[in-house]
Structure formats: structure tokens, C-alpha cells
Amino acid sequence: MRNGDGGTASLTKKAQRVRAGGAMAAKGDDGPSLRSWIAVLEKHGQLRRIRAEVDWDQEIAGITRINLGLGGPGLLFEAIKGYRKGRCTKFLTAALGNRTQVCLLLGIAPESSEREIVRHLKNVYRRGIAPSVVRTGPVKDNVLRGKQIDLLEFPVPKWHHLDGGRYMDTFCGVVTKDPETGQTNIGLYRGQVLGPRRLGKLLIPTQHWGTHFAKHRGNKRPMPVAIVHGWHDVLPFCAGSPFPKAVNEYDMMGAILGRPVELVRCETSDLMVPASAEIVVEGTISPDPKTFATEGPFAEYPGYAGGVPSPKPVVEVSCVTHRDDPILRGTLEGARPGFPSEDSPLCAYSWSAIAWNMLEDVGVGGVTDVWMPPVSTGTNIVVQIQKRYRGHAQQVATALWGTGAGQWFFKNVMVVEEDIDIRDPVALDWAFAFRVNAGQGQLLTFGPTFGSVLDPSTPRHQANAQKYGTGWWTRVLIDATRNWEFEPNPDWGGRRYPPVNVLPAALEERIRSRWSEYGIGIDYLDDEKRELLTFRELSKRFSEI
């Protein structure tokens, strides 16, 4: 096997790959990969190749921050200081940072609305496609072991000036397996380069791989790990999504792509990784606390540079496989107003769809829409319902709080009815102002409970993952639905709540037909705004308005 210095062994690997590919290879179809994704982005004007020299030390991150704030394209850095030559010379980021890119990933119209994207994913996630296994693939073109491995031969950025070091694992897929059931998990967990063959990992016991780690610790055996850097961006999209533990993320990737993910076996374990991945880092994590090493701080998803260095589990790297001329994939963490991260669309679309399915799966009926605002990265969630009974909103909140995803998400839940646009902050503010009365039981706190160790609103001593295994949240429900404690009022047509002051549909239609006559000189309302003005359609099924 070739170690990256050239030679004829690579021809043998490539010949094996053609034979292994079968009919698809015969058709010239190499399948989904980071390179096919880059081609799609480039075709649609969503990629820029940066050929000016840039520094891996914060400059890549600064450019990325500004580009994401502008809603810009994906960035492929091809001239990185200190990496103009060598094992890896290219770095991709911001390739999944705006709505257009998400639509391209999902194969739907770029002009699809946010509501349409969430509904599409909700349905796609119901029909997983199982992966297939192939004998070999491009990721096996180069196989490095032992002292051949130096993780800093790859252009790993230092993202933020207060970070404790260079973080390689930011938009990857971390593969582990349950030693008892054989179930695979592909998650997204940060990793700091601590040495040529060592990665410090943030590992929280309540996460899926935390469950795997606990079982390996009980067996007093190291846990095998494979970290996939750079495959089609469905990999980080699904790895970073809070699917229930029974769901295999490879199945969800296949569902999005409409075809099975082709997997190959790792060199040093029985873990399976995409055959056309750019880079795979294989290793083990010892459960012995004596092997832990200082990791952090890292400016995380809430947009704060908080946290303190602390001992964390370490991946001892035993093997690295990679394609010829590999591309490293990574992302900038930390969203704040005006400056989103790649987590922002991931949260808004994928996480919202998953939360909606979770609610349905535990028997919560009447859910009509779900939205997790991008800037709060899963901490806040708004659920729209067709209210069917007293306590409906409370059921929504407690169902979400009881899920495994509650480790990181659903700190604050707001529930509204169908006449409130859950993606409009003004509508939510209006609902909060005029439908919520804390004295009427519409503001519920629950906790303290488990929660995110990375939330800066929690005192550090209460978010000590080493001591408690999790963070410390008091959760809030804002029930902004009409209060069913009110008696029906004959003056309001038997409604419990005053009717919304809408424009009669016939009058609106007459105004629309004459709009140009008035000479105001601006375009008329679109259909969505017309419906909000009149509630012509909603009023047919929702008498309260």
C-alpha cells in the first residue's frame, strides 16, 4: 500500500476500484463525493476558488466569517501558507452556509421557501436508504501508519484567536459502533490536534457516541473511532443532526441522495466509511482517565469564546487513509446576529424536520410547522399547532425535553397557533405580547435538567462535564396559544378570544383588482401576505380567527 510518495501501487488500487465498482463504474459514475458536490456548487455559481495566499492561522476563519455574513458562496482555498506543496494543499469551507446551497444538496428548487425545505426533509427522513459495501475506493489510494502519520500535514486552521490550538474536526463524520448491538453512529464532535497522532475530543456521556464509550469503558477496552473528513456534504449535514438513536445516519444520507452510500471497511477496525471520502483518520479512545489530555478552549456554536481548558478523551491515531490530492473540509463555529455559521441552516432545516418527526413519533398530534431559528442554533424552538385540547402546548414542550436531543436543544420552547408565522420575529413578538399571561399558566419553567455544557448562561461550576456528565438547564415553555381557560363570549361569536382584525376577503380582492388605478407605484402583496391580511383559507378550518 502506498504511503503518499508516489509509485505503481496506486495504479493497482485504482484498477481494483474499477473492478469493485461494477455496473456503476462501467457507466463512469463515481458516485457522490466531495468532488461531485464541489462540481455542483461551481455549476450553480456557489463556489469560489481562492488562489491568493492565505494563512491557516485565523485568516481563513476571518474570510469565512465575513463571507458567511454576506450569504456568500463556498470557499475552496488553494494557496495556504505553509501548504503550497505537500500531502494536502486544499481546504473547503462555507459550502453549506446559505439556503441556495441547502436546496442544491437536497435536489429541490433553489427558490424553495424555508417552510418547504423543512417539510421536504421531514418526508425524506421517513424513507431511509441502507448503505452498500464495496471492496475498495479512492479513500484507500494512500494508507499511512505509525510514524508516517502527521496530522499537521493537512492544513488545519486555527479558527479563533482565543482557541487553545488548531481544530481539525469541525465539519466531519465521527464513526463509532455499539459493542453490544453493532449499531453504528455517525456524529459531529469537535477535535483539537494535540500532536502528530493525537486528537483531543469533547465527549459528552449523553450523546450517542457517549453511550458507545460507556459500554467500551465497562468492557475496559479502547473504543475504535474513524473520523471522515470530506465526503459529499450530506455527511456533515446528517452527522450534525439529532436523529433518534435507532436511526442510522448513513440511511438518512442515502435518503437525501436517493441512492445507497457506498462504504468500505477501515484498515484497523470493522468500522465502515464512505469509499470516496477525502481523508479518514482511524484510531482508538482509551476509557482510562489517566490517558486524557488538556483540550480547549474553543469558540463554540453559541457565538462566545468561553470555556476553559480541561482533560478530555484522546484519539490515538493508528492509521490515515486519503485520496490523491485530498481536500480537507472544515467549518467556522459560532453564530451571532448578522454572522451565521454553517450550523445555522443545518439547525433551521434539518433539526426542525427531525424535531417535527420526533413529536409525531411520540404521539403529539396537530403539529403544523416547526422552526428552530438559525441564530440560536437549536437552543430555541417554535412549534405551530392546530390546538386540540387544553395542555397541548405543555405536551409539545415536555415531549421535546424528554428526547436525547434535549442535551443540546430545546432549552426554550414557544408554541403558537396556525395564524402566527413562526419564521417572522414580528409575528412571534405580537403573539408573546397579546396571547401570553404568565399568571394564567402560560409560562412554564422546568428544571434544573440536563443541558448543553457549552451554554454561557449556565455558571461554569454547574456545567462541569467531568463532574456531572452534562450541563445544567432550567427550561422554559412560552404557551402563546389562545387560552382555553377563557369562557366562550357571545359578543365574539362564541369565541374564547377576540377575533383577529382582518380585512374582509371581498374587499381585499376589490382593492387588488384596482391596485394599479390608485397610482401608489409599488407592487401589490404576494399571495402569502394576502392570506395573512385576510386569513381567507385559514378561517375555513380555524374558527377562532
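Check the entry above for the structure.
Residues numbered from 1 in each chain as written. Predicted model: local features only at pLDDT ≥ 70, side-chain atom pairs only at ≥ 80, totals over all residues. Heavy atoms only, no water.

Student: Which residues make up the state of the cysteines, and what are the values?
Tutor: All chains considered together, the criterion is met by 0 disulfides. Between Cys266, a free cysteine, and Cys319, which holds the nearest cysteine sulfur, the sulfur-to-sulfur gap is 8.1 Å. (Disulfide = S-S within 2.5 Å.)

Student: Report on unusual backbone geometry, specifying residues and quantitative values.
Tutor: Negative phi values dominate among residues other than glycine, just as trans dominates among peptide bonds. In this structure, Pro297 follows Gly296 across a cis peptide bond, with omega equal to -5°. The topology assignment puts Pro297 in the loop between β15 (293–295) and β16 (310–312). Positive phi is not limited to glycine here, since Phe535 has a value of about 50°. Residue position: Phe535 is located in the segment after α15 (527–534). (Helix = DSSP H or I, 4+ residues; strand = E, 2+ residues; numbered from the N terminus.)

Student: Any details on the sheet that holds strand β13 (residues 272–274)? Residues and values, ideally.
Tutor: Strand-to-strand pairing in sheets goes through backbone hydrogen bonds, with the strands running parallel or antiparallel. Spatially, 3 strands are ordered β4-β12-β13 in an open sheet, and the strand pairing comes out mixed. Every other strand in the sheet has two partners, leaving β4 (132–133) and β13 as the edge strands with one partner each. With 3 bridges joining them, strand β12 (residues 262–265) and β13 adopt antiparallel strand pairing. Across the sheet, residue Val264 finds its bridge partner in β13, namely Val273. (Pairing = 2+ DSSP bridges.)

Student: Account for the pairing of strand β7 (residues 173–177), naming residues and giving values.
Tutor: Most of β7 sits inside the fold, with 4 of its 5 residues counted as buried. Examined bridge by bridge, β7 and strand β11 (residues 223–229) share 3 bridges and lie antiparallel to one another. Along β11, the bridge assignment pairs Val174 with Ile227. Of the pairings in the sheet, the one linking β7 to strand β8 (residues 184–187) comprises 4 bridges and is antiparallel in character. Residue pairing in the sheet places Thr176 in a bridge with Asn185 of β8. A loop of 6 residues connects β7 with β8, the two strands running antiparallel in sequence, and Gly182 in this loop sits at a positive phi of about 80°. (Buried < 20%, exposed > 50% of the residue type's maximum accessible area, 1.4 Å probe, protein only.)

Student: Help me get a handle on the side chain of Ser344, residues and values and all.
Tutor: Within the secondary structure layout, Ser344 lies in helix α9 (residues 343–361). If we ignore the near neighbours within four places in the chain, the residues touching Ser344 are Ala335 and Pro374. (Contact = heavy atoms within 4.5 Å.)

Student: Tell me about the pattern of salt bridges, and name the residues and values.
Tutor: If the charged atoms of two oppositely charged side chains come close together, the side chains can form a pair. Under the defined criterion, the tally for this structure stands at 38 salt bridges. We note a salt bridge from Arg51 to Glu78, for which the minimum N-O separation is 3.3 Å. Here Glu78 lies in the loop between β2 (74–77) and β3 (90–93) and Arg51 lies in the loop between β1 (47–50) and α3 (59–69), a separation of 27 residues in the sequence. Ionic pairing is found between Glu508 and Arg536, a salt bridge with its closest N-O pair at 3.1 Å. With Glu508 in helix α13 (residues 505–513) and Arg536 in the segment after α15, the pair connects residues that are 28 residues apart, well separated along the chain. Classification of Glu508 by relative accessible area gives buried; the value is 0%. For Arg536, a relative accessible area of 29% gives the class partly exposed. (Salt bridge = Lys/Arg side-chain N within 4 Å of Asp/Glu carboxyl O.)

Student: So, the packing of aromatic side chains: which residues are in play, and what are the values?
Tutor: This structure, assessed with the given rule, holds 13 aromatic pairs. A ring pair is formed by Phe91 and Trp159, whose centres lie 5.8 Å apart and whose planes are at 55°; its orientation type is tilted. In this pair, Phe91 is assigned in strand β3 and Trp159 in the loop between β5 (142–145) and β6 (167–169), connecting sequence segments 68 residues apart. Each of the two residues, Phe91 as well as Trp159, counts as buried. In textbook terms, an aromatic cluster arises when at least three aromatic residues are bridged by ring pairs, as seen for Trp351, Phe409 and Phe410. Sitting over the ring of Trp356, Lys122 keeps its end group 5.2 Å from the ring centre. (Phe/Tyr/Trp six-rings, centres within 6.5 Å; stacked < 30°, edge-to-face > 60°. Lys NZ or Arg CZ within 6 Å of the ring centre and 35° of its normal.)

Student: Residue-level account of the environment of Thr379, with values.
Tutor: Along the polypeptide, Thr379 turns up in the loop between β19 (367–371) and β20 (380–385). Judged by relative accessible area, which is 14%, Thr379 ranks as buried. C-alpha separation for the pair Thr379 and Cys347, spaced 32 residues apart in sequence, amounts to 9.7 Å.

Student: Got a sec to walk through the sheet that holds β2? Specific residues and values, please.
Tutor: On the basis of which strands lie adjacent, the open sheet formed by 4 strands has the order β1-β2-β3-β18 and mixed pairing. This sheet does not close on itself; its edge strands, each paired only once, are β1 and β18 (327–329). The average undirected angle you get between the axes of adjacent strands in this sheet is 20°. Relative to β2, β1 runs parallel, the two sharing 4 bridges. Its bridge partner lying in β2, Arg48 is registered against Leu75. (Axes fitted to C-alpha atoms, helices over the stretch in contact; angles between N-to-C directions.)

Student: Which residues make up the pairing of β20, and what values go with them?
Tutor: Counting buried positions over the 6 residues of β20 gives 5, a clear majority of the element. Bridging between β19 and β20 involves 4 bridges; their strand directions are antiparallel. Bridge pairing in β20 places Asp369 opposite Gln384. You can see the chain leave β20, run along helix α10 (residues 392–401) and come back into strand β21 (residues 412–417), and the turn it takes is right-handed. (Right-handed = clockwise from strand over helix to strand, strands pointing away.)

Student: A description of the packing of helix α4 (residues 99–106) against helix α5 (residues 114–124) should follow, citing residues and the corresponding values.
Tutor: Contact geometry for α4 and α5: axes closest at 12 Å, N-to-C directions at 30°. Taken together, the axes of α4 and α5 lie roughly parallel to each other. With respect to the hand of their crossing, α4 and α5 are arranged in left-handed fashion. Touching Arg99, Val102, Cys103 and Leu106 of α4 are Glu114, Ile117, His120 and Leu121, all from α5. (Parallel < 35°, antiparallel > 145°, perpendicular 65-115°, else oblique. Left-handed = near helix turned anticlockwise from the far one by under 90°.)

Student: Quick one: what's the story with α4, residue by residue and with numbers?
Tutor: Of all 8 residues making up α4, 6 are buried, and the element is well covered by its neighbours. What α4 keeps buried is the set Gln101, Val102, Cys103, Leu104, Leu105 and Leu106. Buried-residue contacts for α4 involve α2 (34–43), β2, α5, α7 (234–239), α8 (249–257) and α9. Looking at where α4 begins, the residue whose side-chain oxygen comes 3.1 Å from the main-chain nitrogen of Thr100 is Asn98. Of the residues one or two after α4, Gly107 is the one with positive phi, at around 70°. (Polar contact = N/O pair within 3.5 Å; in protein donor to acceptor, adjacent residues only side chain to side chain.)

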